[in-house]
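Notes for the structure review
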Amino acid sequence: MTAAREQRAWAGRRVLIMGLGTKDGGVGAAKFFASRGAHVVVTDRAPAAELRTSLRALAGLPIRYRLGTHAAEDFRQAEVVIRNVGIPRDHPLLTLARKHGAVVHAPIGVLALEAGRPWIGITGSKGKSLTTSLVAQLLGGDAAGIVEAGNNCVSPLRVLDRAARGVFELSSWQLAELGSLSVSPRIACMVSFFADHQDFYPGLAPYFADKAQIAKHQRAGDTLVVPLAPWTASLPGNAPRFFFGRGEPSRDGCFEYDAQIWWRENERTERIAPLDHLPKPLRDPHHRLLLLAALACGKRAGVTTRTLAERIPSLSGLPHRMERCGRRGEVAFINDSAATTPESTALALKAVSGRVVLIAGGGGAKERSYAELARFLWSRASGVVVFSEDEVGRQLRALAPRGFPLRVCGRRRMNDAVAAAVDLLGPAGGTVLLSPGCKGGPTFRDMYERGDLFRAAAS
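In what follows, the accompanying structure is described.

What counts and how
- Residues numbered from 1 in each chain as written.
- Predicted model: local features only at pLDDT ≥ 70, side-chain atom pairs only at ≥ 80, totals over all residues.
- Heavy atoms only, no water.
- Helix = DSSP H or I, 4+ residues; strand = E, 2+ residues; numbered from the N terminus.
- Rg over C-alpha atoms; globule rule 2.2 N^0.38 Å.
- Contact = heavy atoms within 4.5 Å.
- Areas by Shrake-Rupley, 256 points an atom, 1.4 Å probe, with all protein chains shown as cover.
- Lys, Arg positive; Asp, Glu negative; His and termini not counted.
- Charge placed at Lys NZ, Arg CZ, Asp CG, Glu CD.
- Core = buried A, V, L, I, M, F, W, Y, C linked by side-chain atoms within 4.5 Å.
- Buried < 20%, exposed > 50% of the residue type's maximum accessible area, 1.4 Å probe, protein only.
- Phe/Tyr/Trp six-rings, centres within 6.5 Å; stacked < 30°, edge-to-face > 60°.
- Lys NZ or Arg CZ within 6 Å of the ring centre and 35° of its normal.
- Axes fitted to C-alpha atoms, helices over the stretch in contact; angles between N-to-C directions.
- Left-handed = near helix turned anticlockwise from the far one by under 90°.

Helices and strands together make up the secondary structure of the protein chain, namely 18 helices and 20 strands. Computed over the C-alpha atoms, the radius of gyration of the protein chain is 23 Å, within 12% of the 23 Å expected from 2.2 N^0.38 for a compact globule of 459 residues. Each principal axis of the C-alpha distribution contributes one length, and for the protein chain these read about 65 × 55 × 40 Å. For the protein chain, the proportion of contacts with a sequence separation of at least 24, taken over those separated by at least 6, is 64%. Surface summary for the protein chain: the accessible area is close to 18,800 Å², and the carbon and sulfur share equals 50%. Each charge class in the protein chain can be summarised by its mean position, and for the 61 positive and 42 negative side chains these summaries are 2 Å apart.

Below, the structure written as structure tokens:
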């Protein structure tokens with residue numbers, strides 16, 4: 001759609017943004033529609049005081065606000081409702097809006113309607129944020145007109161604002177939205193799958209079905225990048241598959257073998273780079289796998305092997321994902337606040353060598369059991385620190401063997417948690433690892449605040 005047609009498509013229409021939030025999703029949507037001449041109303045159940053950062057970003061735009069509550073009249077009057085993807089599609093107010101003739105979309109759906117199929121989309125139960133960032137860096141980043149957007153707190157509509165090419169991190173909810181439009185990315189990558197969001201989904205099967213939308217509507221000329229894992233056989237779609245993993249390259253894809261990274265396609269194998277060229281943030285085993293996935297996406301997007309090799313040494317990691325926060329004497333600190341499942345915490349523990357004390361919990365447990373993590377934890381960690389009034393802490397306290405070093409800190413008391421972890425390590429030192437195994441709310445505002453507080457306490 002041309003800019004002129006896009007302007008006419010929204011000018012004068014009554015657009016209701018449901019869910020402003022504190023990240024870019026609501027802000028980006030409000031800016032997009034206001035800039036295109038729509039009559040924009042923003043509604044959020046949070047009061048203005050909690051949304052001040054987002055409101056500042058929208059200052060001066062012709063937007064009407066309904067904060068601290070939702071009003072049925074706004075939904076009856078809207079022609080278009082843009083919902084935060086975390087709001088269920090069958091929310092009663094959305095049903096009311098449809099009854100009165102409104103169409104309901106999420107921002108990723110608007111992107112698909114305006115620009116067609118996303119170029120590159122990445123999902124997974126763990127690792128999608130870092131993989132998205134690595135792909136964007138390998139493609140040349142901002143200098144090459146690449147925008148990272150989607151579930152990484154950047155509105156997908158920013159891609160339309162900048163007439164750029166997008167690399168999208170896609171949550172299961174965003175994929176459900178694309179699936180409702182029969183849309184999958186041209187280059188799709190699913191880096192992992194295990195149980196998550198079981199407080200939202202009634203079981204594992206519907207969660208997988210939403211994730212599988214990333215491949216379901218692909219075409220024969222598209223690309224699907226997946227790990228060497230049995231669950232990938234259940235993914236639908238007609239696109240050729242490129243794999244990533246460890247071992248001698250015997251299938252199309254990107255592989256770590258004999259201390260080198262290799263690319264194989266059409267029975268031709270070429271070396272990309274030696275493992276000792278990797279920057280420090282990407283040297284742990286889990287991050288190396290994600291780099292393989294990103295390299296596969298880069299190759300299929302047309303980046304040459306030589307260019308990929310040149311860009312690898314300058315790649316950077318992301319905050320809150322095995323982020324090394326420095327040292328204090330003999331103690332190192334690692335911020336892995338983005339580990340929101342027990343499986344993610346287990347991966348983090350496996351990646352840390354030597355003595356380690358884990359800080360776990362500090363948020364909602366997503367209806368998960370921590371029994372399997374606990375069995376591994378007692379043999380791996382030198383101690384555990386948990387928070388009171390916290391489901392993860394409650395489970396780990398109940399499962400801890402007699403005499404295991406475990407401390408309980410007050411709700412939100414991150415300074416106390418870090419001090420207790422350092423004390424448990426003792427003079428010999430080691431690593432304090434924040435890897436909570438749960439989402440950030442309601443104990444903290446979100447996983448980002450939790451990680452920021454850890455970083456501050458570690459400094």
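All right, on to the nonpolar core then. Ranked by internal contacts, the top residues of the largest apolar core, which has 54 residues, are I17, F33, V40, I82, L157 and L235. Considering every element that reaches this core, the biggest residue donor is helix α2 (residues 24–35), with six residues. Once residues within four sequence positions are removed from consideration, F33 is found in contact with W10, V15, I17, A38, V40, I82, V110 and L157.

Looking now at the packing of aromatic side chains. Scanning the model with the defined rule gives 10 aromatic pairs in all. Geometrically, the ring pair formed by F193 and F208 is edge-to-face, given 4.9 Å between the ring centres and 80° between the ring planes. With F193 in the loop between β9 (187–190) and α10 (204–211) and F208 in helix α10, this residue pair connects regions lying 15 residues apart in the sequence. Note on F208: relative accessible area 15%, which makes it buried. Through a chain of ring-to-ring contacts, the aromatic side chains of F193, Y201, Y207, F208 and W231 assemble into a single cluster. For the cation-ring pair, R251 lies above F243, with the distance from its terminal atom to the ring centre recorded as 4.0 Å.

Contact geometry for helix α6 (residues 107–115) and helix α9 (residues 172–180): axes closest at 8 Å, N-to-C directions at 35°. When the axes of α6 and α9 are compared, the crossing they make is right-handed. On the side of α6, the interface is formed by I108, G109 and A112, while α9 contributes Q174, E177 and L178.

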